[in-house]
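# Fold and contact review
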Amino acid sequence: MKDQDKRMLIARRVARELRDGYYVNLGIGLPTLVSNLVPPGIEVVLQSENGMLGVGPYPYEGEEDADLINAGKETVSEIPGCCYFNSADSFAMIRGGHIDMAVMGAMEVDERGNIANWMVPGKLIKGMGGAMDLVAGARCLYVAMEHTTHDGGPKILKQCRLPLTGLAAVNFIVTEMGFMRLTPQGILLEEIAPGLSFEQVQAATEATLLRSPHLREMPA
Amino acid sequence: MNKLVRGADDAVADIANGAVLMIGGFGLSGNPENLLQALHKKGVTNLTVISNNAGIESEGIGVLLAAGQIRKMISTYVGENKIFEQRTREGTLETELVPQGTFAERIRAGGAGIPAFFTPAGVGTPIAQGKETRDFDGRPYLLEHWLRADFALIKAYRADRWGNLTYRKTARNFNPIMATAARVTIAEAEEVVEPGGLDPECIVTPGIYVQRLIQGAAYRKPIERRTIRKREPGQ
């Protein structure tokens, strides 16, 4: 499967989790794709941690505004009913448990729901931005990522090796191979991508997966 | 009362080497462009800059960084600026990385007279090293301290002569909280009006927080990532 197809498959599955009235924070990159896939008939308000509720799609050419960007510093637009606030208020709503759902990418996730996505010692320092606050404060955290690294190495581990972004924070993992729920017993595989076996998903995963008694095919 | 000073050079005249500065903006959006240019021209060095990130290499705070005027950055993110990233990795720039919500709250606390607070962000991560952790209702939280500065450099949209400020869209970001947390807050605005010229219900920063004000000029407002969608016929 091509990278872009994987990413769209993951984003479409995450989008099925959206419910009417949700306030949602979408991370930079793959999670942003979810914004174009909101199911018809429901109203969802997107939060951007740089101080906006009601983020709209990218603007039409000629309507870009340097004063109107998302947390990825991309130009965006307003939807009717949007509002602006300062960064302290923005993170008060995040830490205070007012965000129904946050979606972010990760470098590593482990069996305890720990997540690492902000630095690789000696190689890459980007900074954590708002990720540590989001994983600590969002009511429900979805990790949306490719199942393995570019070299085919596992990203879903027994224990994270990289410096952590947050402890026991992840509720769901969505990859091109399946849909997983974090439980006190470990990672429960609830849905599996068409054409894959449980054993194939397990082989691409370092953590020991639990097989849901209701394991079903992941809807596209 | 008139907080309006003649121009950006006058406004930053008493910012000395070694000063601790808060600079508003999220990347290049909401940067005090005129004040940053004046600071660059003045050539002050050894600065500690508290700002979310450092713009790009050739714009915003990146210009001060490239010119070697900054000794230390307190930020949440070094990406998008290769010089910032490289010098942080090499250790030739002292960089304190702070989770963005903790960063914002430390500034808010600094302005509100709250010396420290507990937050869940960063528990169990490298950020927690050396910090007190305490449980509340069975969950661990980290003790974090306020941030305060000698000067805050702020970008507003409209201002009145008394320093009441409004902002525009997401260019608001850290500007209103930084305005509260410095000994001297210097604001620049795209438009300055007489007292009474702003709707009191819409003022975001009350003038009490602002000591100096300039009428900004020649705003360039660079866009970091121009993302657009195609116009369908008829739209």
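Before going into details, it helps to say that this report is about the structure given with it. On a predicted model such as this, the values are computed, not experimentally measured, just so you know.

## Regarding the interface of chain A and chain B
Taken together, the 49 residues of chain A in the interface contact 53 residues of chain B. Roughly 4400 Å² of surface becomes buried between chain A and chain B when both sides are summed, with 58% attributable to carbon and sulfur atoms. Looking only at chain A, the three residues that lose the most surface to chain B are Tyr60, Asp67 and Lys73 of chain A, adding up to 19% of its buried area. Taken together, the connections running from chain A to chain B amount to nine salt bridges. Between Asp67 of chain A and Arg168 of chain B there is a salt bridge whose closest N-O contact spans 2.7 Å. Where chain A touches chain B, the interface holds 29 residue pairs in polar contact (both at pLDDT 80 or more). For the side of chain A that touches chain B, the element with the highest residue contribution is helix α2 (residues 87–95) of chain A, accounting for four residues.

## With respect to the packing of α2 of chain A against helix α5 (residues 100–112) of chain B
Where α2 of chain A contacts α5 of chain B, the two axes come as close as 8 Å, and the packing angle between them is 125°. Overall, the two elements α2 of chain A and α5 of chain B adopt an arrangement that is oblique. Our pair here, α2 of chain A against α5 of chain B, has a crossing hand that is left-handed. For the pair formed by α2 of chain A and α5 of chain B, the contact residues are Ser87, Ala88, Phe91 and Arg95 of chain A on the first element and Gln100, Gly101, Thr102, Ala104, Glu105 and Arg108 of chain B on the second. Tallied by class, residues from the contact of α2 of chain A with α5 of chain B come to three nonpolar, four polar and three charged.

## Here we look at the sheet that holds strand β5 (residues 116–119) of chain B
Residues and elements named next belong to chain B. One open sheet holds the three strands; their spatial order is β5-β7-β6, and the pairing between them is antiparallel. Pairing within the sheet leaves two strands with one partner each, and these edge strands are β5 and β6 (133–136). Between one strand and the next, the sheet's axes are offset by a mean angle of 40°, whatever the strand orientation. Docked against the sheet, α5 engages β5 and β7 (139–145), running at close to 155° with respect to β5.

## Side note on the packing of aromatic side chains
For the coordinates displayed, the defined rule picks out five aromatic pairs over all chains. Consider the rings of Tyr142 of chain A and Phe172 of chain A, whose centres lie 4.8 Å apart with planes at 20°: the pair is stacked. Taken together, the residues Tyr142 of chain A in strand β10 (residues 141–144) and Phe172 of chain A in strand β12 (residues 172–174) connect sequence positions 30 residues apart. Judged by relative accessible area, Phe172 of chain A falls into the buried class, the value being 10%. With a centroid separation of 5.4 Å and 40° between ring planes, the pair formed by Phe172 of chain A and Phe179 of chain A is classed as tilted. When sorted by exposure, Phe172 of chain A lands in the same class as Phe179 of chain A, which is buried. Among the aromatic side chains, those forming a connected cluster through ring pairs are Tyr142, Phe172 and Phe179 of chain A. Across the ring face of Phe151 of chain B, the terminal group of Arg183 of chain B is positioned such that the distance to the ring centre comes to 5.6 Å. Its guanidinium or amino end placed over the ring of Tyr60 of chain A, Arg229 of chain B lies 3.9 Å from that ring's centre, counting from NZ or CZ.

## Structural notes on the pattern of salt bridges
In the structure shown here, the tally under the stated rule is 32 salt bridges over all chains. Here Arg161 of chain B ties to Glu194 of chain B by a salt bridge, and the two come within 3.1 Å at their closest N and O atoms. Remark: Glu194 of chain B occurs in the loop between β10 (182–193) and β11 (212–215) and Arg161 of chain B occurs in the loop between β8 (149–160) and β9 (165–166); sequence separation between them is 33 residues. The salt bridge partner of Glu190 of chain B is Lys221 of chain B, with a shortest N-O separation of 2.9 Å. Separated by 31 residues along the polypeptide, Glu190 of chain B in strand β10 and Lys221 of chain B in the segment after β11 bring together distant segments of the chain. Here Lys221 of chain B falls in the partly exposed class, since its relative accessible area comes to 23%. Put simply, Asp65 and Asp67 of chain A together with Lys155, Arg168, Glu190 and Lys221 of chain B are held in one network by salt bridges that share partners.

## Details of the environment of Pro195 of chain B
Residue and element names in this part refer to chain B. In this structure, Pro195 sits in the loop between β10 and β11. A C-alpha to C-alpha distance of 27 Å links Pro195 and Arg220, two positions 25 residues apart in sequence. With residues up to four places along the chain from it excluded, the contact list for Pro195 reads Asp160, Arg161 and Trp162.

## As for the nonpolar core
Considering soluble globular proteins, one finds that nonpolar side chains tend to be buried as a cluster. Residues Ile15, Leu39 and Met73 of chain B are the most contacted members of the largest nonpolar core, which totals 39 residues. Among the elements of the structure, α1 (8–11), β1 (20–23), α2 (33–42), β2 (47–50), α3 (61–66), β3 (70–75), β8 and β10 of chain B are those that each provide at least two residues to this core. Broken down by element, the residue count for this core peaks at four residues, all from α2 of chain B. What Met73 of chain B contacts, discounting residues up to four positions off in sequence, is Val49, Ser51, Asn53, Ala54, Ile61, Leu65, Phe84, Leu93, Glu94, Thr95 and Glu96 of chain B. In terms of nonpolar packing, the next biggest core, distinct from the first, is built from 30 residues, Ile115, Ala131, Val135 and Met180 of chain A among them.

## Points about the side chain of Glu190 of chain A
Residue and element names in this part refer to chain A. Locating Glu190 in the fold gives a position in strand β14 (residues 186–192). Relative accessible area serves as the criterion here: at 17%, Glu190 is assigned to the buried category. Those residues within four positions of Glu190 in sequence are excluded, and the remaining contacts are Phe179, Arg181, Ser212, His214, Leu215 and Arg216.

## Here we look at the state of the cysteines
Residue and element names in this part refer to chain A. Under the criterion given, the structure shown has zero disulfides over all chains. The closest cysteine sulfur to the non-disulfide-bonded Cys83 is located on Cys82, 6.9 Å from its own sulfur. Residue classification places Cys83 among the partly exposed positions, given a relative accessible area of 32%. Cys140 supplies the cysteine sulfur nearest to Cys160, a cysteine that is in no disulfide, at a spacing of 18 Å. Take Cys160: its relative accessible area is 13%, and that puts it in the buried class.

Conventions used here
Residues numbered from 1 in each chain as written. Chains lettered and ligands numbered in written order. Predicted model: local features only at pLDDT ≥ 70, side-chain atom pairs only at ≥ 80, totals over all residues. Heavy atoms only, no water. Contact = heavy atoms within 4.5 Å. Buried area = accessible area lost by both parts, 1.4 Å probe. Salt bridge = Lys/Arg side-chain N within 4 Å of Asp/Glu carboxyl O. Polar contact = N/O pair within 3.5 Å; in protein donor to acceptor, adjacent residues only side chain to side chain. Helix = DSSP H or I, 4+ residues; strand = E, 2+ residues; numbered from the N terminus. Axes fitted to C-alpha atoms, helices over the stretch in contact; angles between N-to-C directions. Parallel < 35°, antiparallel > 145°, perpendicular 65-115°, else oblique. Left-handed = near helix turned anticlockwise from the far one by under 90°. Nonpolar A, V, L, I, M, F, W, Y, C, P; charged D, E, K, R; others polar. Pairing = 2+ DSSP bridges. Phe/Tyr/Trp six-rings, centres within 6.5 Å; stacked < 30°, edge-to-face > 60°. Buried < 20%, exposed > 50% of the residue type's maximum accessible area, 1.4 Å probe, protein only. Lys NZ or Arg CZ within 6 Å of the ring centre and 35° of its normal. Core = buried A, V, L, I, M, F, W, Y, C linked by side-chain atoms within 4.5 Å. Disulfide = S-S within 2.5 Å.

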